[in-house]
Each structure stands twice: as structure tokens, then as C-alpha cells.
Amino acid sequence: MVKEHVLKYTAEARNHFHVSELRGRVLEWENKITPILEEEEKSDAFDVCVYSNKLLDKLSSCPEETSQFKNLVSGERKGEISRLFLTSLMLTNSGNIEMSGEASNAQCKLVSRKLFSEVLRAYVAPESEAGPSSSAQTKKRKNVPL
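What comes next concerns the included structure. Please read these numbers as outputs of a predicted model, since none were measured by experiment.

Parameters at a glance
Residues numbered from 1 in each chain as written. Predicted model: local features only at pLDDT ≥ 70, side-chain atom pairs only at ≥ 80, totals over all residues. Heavy atoms only, no water. Patch = residues over 30% accessible without salt bridge, like charges linked within 9 Å, V, L, I, M, F, W, Y side chains within 5 Å. Areas by Shrake-Rupley, 256 points an atom, 1.4 Å probe, with all protein chains shown as cover. Salt bridge = Lys/Arg side-chain N within 4 Å of Asp/Glu carboxyl O. Helix = DSSP H or I, 4+ residues; strand = E, 2+ residues; numbered from the N terminus. 1 Å grid on protein atoms, 1.4 Å probe; cavity = no way out; pocket = protein on both sides within 12 Å on 5 of 7 lines; lining within 4 Å. Points joined across faces, edges and corners; volume = space filled by probe spheres on them. Nonpolar A, V, L, I, M, F, W, Y, C, P; charged D, E, K, R; others polar. Buried < 20%, exposed > 50% of the residue type's maximum accessible area, 1.4 Å probe, protein only. Pairing = 2+ DSSP bridges. Axes fitted to C-alpha atoms, helices over the stretch in contact; angles between N-to-C directions.

### Side note on a nonpolar patch on the surface
Stage number 1. A cluster of nonpolar side chains, namely Phe46, Phe85, Leu86, Leu89 and Met90, defines an oily patch on the protein surface of about 420 Å² accessible area.
Stage number 2. Looking at where Met90 falls in the secondary structure, it is placed in helix H4 (residues 78–93).

So, in C-alpha cells, the structure goes:
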């Protein structure tokens, strides 16, 4: 009977130790992440159009044809660098810039300043006599060059 209680007490002590260890790691993580989240809360909302124009302006003002991404973002906060990197990927996907090289030495080249969002705003779908749901209108549509 005593042996049973000792085993039960030992198991509970081990469990308490693991819970305390886990709690300590969680508190350490919270202390690390809280200032980062507070700083992010102070930042403006992420607007890809604003960041696209910012990055395209930087590329336009560079005297060389290509620029290193790290030079384009030098002096920016870590959070801004992340936002500008995401923007560069989106601009690459839409054909505004070309990126090449390794991640640590990525090169950016300006291809076009015309943003895809501007193309979409300027696009006017062709009218047809049959109305917008007509399959005839679908056949008449032309691709808009980006």
C-alpha cells in the first residue's frame, strides 16, 4: 500500500515537472513574441499597392539595370523587409519585375511600372446585344495584355 502511494506521488511529481517545464517555455515564448506583436500593431495595415509603388520607385531610381534586393531594403525595419519581399514576389508573379539569384543575393530588375491592379481598373468588358450572361459575349472577349 505504501509502495502504491509512493509510485502515485512520483508520477504526479514527474507530471508536475513536465507541466512546469512546458509552462516555462510558453512564458519564455510569450515574453519574446509580445514586443514583436506590439510593434506590428503600431504599423500601418499592409497595402500591396502602396508597397508595390514604393518598391517600383526604388527600382526606377537605381542607376543600374538590376539591383540587389538587400540594397533596396537597406535601412528598413525587419517587418518592412518582410512586406517588401512579399511585394517583390507578387510583382514578379505579375510581370513587373524579374528576380534572379540565390535568396541571400537576389537580384531585381524592373520590367514594367504598370501595375496589374491598374490594368484591371482600366479594363472595360465588351458589351453585347444578348446581355452579360450570353455565351456569345464570352466568345468575343479579348485578352488584355499586361
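### A closer look at the layout of surface pockets
Using a probe with the size of a water molecule, rolled over the atoms, empty space left in the structure can be pinpointed.
Stage number 1. Volume-wise, the largest pocket comes out at about 160 Å³.
Stage number 2. Looking at the lining of the largest pocket, the elements that each hand over two or more residues are helix H2 (48–60), H4 and helix H5 (116–122).
Stage number 3. When residues of the lining of the largest pocket are assigned to their parent elements, the largest contribution, 3 residues, is made by H2.
Stage number 4. Residues that form the lining of the largest pocket fall into these classes: 6 nonpolar, 4 polar and no charged.

### Observations regarding the pattern of salt bridges
Stage number 1. Counted according to the given criterion, the structure contains 7 salt bridges.
Stage number 2. In this structure, Lys54 and Glu76 form a salt bridge, with 3.4 Å as the shortest nitrogen-oxygen distance. Of this pair, Lys54 sits in helix H2 while Glu76 sits in the loop between helix H3 (69–72) and H4, and the two are 22 residues apart along the sequence.
Stage number 3. Its relative accessible area of 22% is what places Glu76 among the partly exposed residues.
Stage number 4. For Arg77, the salt bridge identified is with Glu80, shortest N-O distance 3.6 Å.
Stage number 5. Accessibility expressed as a relative area gives 34% for Arg77, which makes it partly exposed.

### Observations concerning the sheet that holds strand S3 (residues 107–110)
Stage number 1. Across the sheet, 3 strands lie side by side as S1-S3-S2; this open sheet has antiparallel pairing. Since the sheet does not close on itself, it has two edges, and those belong to strand S1 (66–68) and strand S2 (97–100), each with one partner. Strand-to-strand twist of the sheet, defined as the mean angle between neighbouring strand axes without regard to direction, takes the value 25°.
Stage number 2. Sheet topology places S2 next to S3; 4 bridges connect them, and they run antiparallel. Its bridge partner being in S3, Met99 is matched across the sheet by Cys108.

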